[in-house]
Amino acid sequence: MREYADFVLREKPAVTCKHCQDRSDFMKTFNMRELLALALCGLLLAGPLADWQPVVAAAPQLELVQTVSHISAGDAHTCAITTAGHVQCWGNNEYGQLGNDTRKSSATPVEVQGLGDGVRAVATGYFHTCAITAEGGVKCWGSNSTGQLGNGGGIDRLTPVDVLGLSSGVNAIVMGGSIYDGQGHTCALLATGAVMCWGYNDFGQLGDGTTTDRNQPVVVSGLSSGIQAITASREHTCALTTA
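Residues numbered from 1 in each chain as written. Predicted model: local features only at pLDDT ≥ 70, side-chain atom pairs only at ≥ 80, totals over all residues. Heavy atoms only, no water.

For the rest of this paragraph, the subject is the overall build of the protein chain. Helix and strand counts for the protein chain stand at one helix and 18 strands. Buried residues in the protein chain amount to 44% of all 243 residues. Counted over contacts in the protein chain with a minimum sequence separation of 6, partners at least 24 positions apart contribute 42%. Accessible area of the protein chain: about 12500 Å², with a carbon and sulfur share of 53%. (Helix = DSSP H or I, 4+ residues; strand = E, 2+ residues; numbered from the N terminus. Buried < 20%, exposed > 50% of the residue type's maximum accessible area, 1.4 Å probe, protein only. Contact = heavy atoms within 4.5 Å. Areas by Shrake-Rupley, 256 points an atom, 1.4 Å probe, with all protein chains shown as cover.)

Moving on to the state of the cysteines. All told, the structure shown has three disulfides when counted by the stated rule. There is a disulfide in this structure between Cys130 and Cys140, and the S-S distance comes to 2.0 Å. One disulfide, between Cys130 and Cys140, carries an S-S torsion of 110° and so falls in the right-handed class. Here Cys140 lies in strand 11 (residues 138–142) and Cys130 lies in strand 10 (residues 128–132), a separation of ten residues in the sequence. Assigned by exposure class, Cys130 and Cys140 land together as buried. The disulfide partner of Cys187 is Cys197, and the S-S distance across this bridge is 2.0 Å. Residues Cys187 and Cys197 share a disulfide whose torsion about the S-S bond is about 110°; that sign makes it right-handed. Placement of the pair is Cys187 in strand 14 (residues 184–190) and Cys197 in strand 15 (residues 195–199), with a sequence separation of ten residues. You'll find Cys187 and Cys197 in the same group, each marked buried. (Disulfide = S-S within 2.5 Å.)

Before going further, it helps to examine the pairing of strand 13 (residues 170–177). In the case of a regular strand, side chains alternate between the two sheet surfaces. Among the eight residues of strand 13, six are classified as buried, and the element is accordingly described as predominantly covered. Bridge count for strand 13 against strand 14 is seven bridges, and the pairing is antiparallel. When the sheet's bridge partners are listed, Val170 is paired in strand 14 with Leu190. In textbook terms, the turn of a hairpin is the stretch between consecutive antiparallel strands, and for strand 13 and strand 14 this stretch comprises six residues, one of which, Asp181, has a positive phi near 55°. (Pairing = 2+ DSSP bridges.)

Attention shifts here to the sheet that holds strand 13. On the basis of which strands lie adjacent, the open sheet formed by four strands has the order 13-14-15-16 and antiparallel pairing. Both outer strands of the open sheet, strand 13 and strand 16 (214–219), are each paired with one neighbouring strand and no more. The sheet shows a mean angle of 20° between the axes of neighbouring strands, taken without regard to direction. Both strand 15 and strand 16 contribute to a ladder of three bridges, which runs antiparallel. Residue pairing for strand 16: Cys197 is matched across the bridge by Val218. (Axes fitted to C-alpha atoms, helices over the stretch in contact; angles between N-to-C directions.)

Core analysis: the biggest nonpolar cluster contains 18 residues, and Val138, Leu166, Val170, Ile173, Ala188 and Leu190 have the highest contact counts within it. When residues in this core are grouped by element, the largest group, three residues, is from strand 13. Residues in contact with Ile173, not counting those within four places in the same chain, are Ala123, Cys130, Ala131, Ile132, Val138, Cys187 and Ala188. Core analysis: the next-biggest nonpolar cluster, separate from the first, contains twelve residues, Cys79, Leu98, Val110 and Val122 among them. (Core = buried A, V, L, I, M, F, W, Y, C linked by side-chain atoms within 4.5 Å.)

With respect to topology, four strands assemble into an open sheet ordered 5-6-7-8, the strand pairing being antiparallel. With one partner strand each, in any of the chains shown, strand 5 (68–73) and strand 8 (106–111) form the two edges of the open sheet. Between one strand axis and the next, the sheet turns by 20° as a mean value, whatever way the strands run. The pairing of strand 5 with strand 6 (residues 77–82) spans five bridges and is classified as antiparallel. If you follow Ile71 over to strand 6, its bridge partner there is Ala80.

Topologically, His77 is positioned in strand 6. Since its relative accessible area comes to 2%, His77 is described here as buried. Side-chain polar atoms of His77 contact the side chain of Thr129, separated by 2.8 Å. Once you skip the residues sitting within four places of it in the chain, His77 turns out to touch Ser72, Trp90, Gly91, Asn92, Gln97, Leu98, Thr124, Gly125, Tyr126, His128 and Thr129. (Polar contact = N/O pair within 3.5 Å; in protein donor to acceptor, adjacent residues only side chain to side chain.)

It is worth spelling out the pattern of salt bridges at this point. Inspection of every chain in the model, using the stated rule, returns four salt bridges. Its salt-bridge partner being Lys139, residue Asp162 comes within 2.6 Å of it at the nearest N-O pair. One end of the pair, Asp162, is in strand 12 (residues 157–162); the other, Lys139, is in strand 11, with 23 residues separating them in the sequence. What makes Asp162 partly exposed here is its relative accessible area of 48%. (Salt bridge = Lys/Arg side-chain N within 4 Å of Asp/Glu carboxyl O.)

This is the structure:
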């Protein structure tokens, strides 16, 4: 019996290799890095590369129960606001970033608990998530290892908690972070034009003149008014002034 092999790209990036010889079948799953290593070393299970025939699977269709008005994608999880103002999330949930009171990852959308109706915005980081409520306040959930939830603590939260001092008057939220140990920082643009940030600050990304992590919001130095937009990346933050 001639050897053959095939592999299919799945939703997570993984490759399934079915190798048949002498009527014995077995399944082995490789991640993409492992597959590339095998190819480079010439150690493919079924022989030469020519015997491998990649097939790209059709994109999966998500089953959101309502239509969506906004979507945000983090490192390994995604959240959407429905037209009813609810938030649903899916993907990695190691730190509780899906907000459904578990640490179980989900391949389909789950409802975030405790946000109510009329959520205005949602932002996803590496391992935490924040939302602007109908009242203009900020709630966050997920990893809190560097205080990025802004609730004054350092414990991961599996459901949304209030950010201290930001119960109303918030126009936008952004977040940065790192894949290491759940680190992250969050910033909010207030209706007054001021910017406040909290969380990981080893590189001064909170803009308060220090490199001290903050577990509740601090005003960015020199940005107490006159800001119209903000953005954050892994370990820095920027703002656009009205001038």
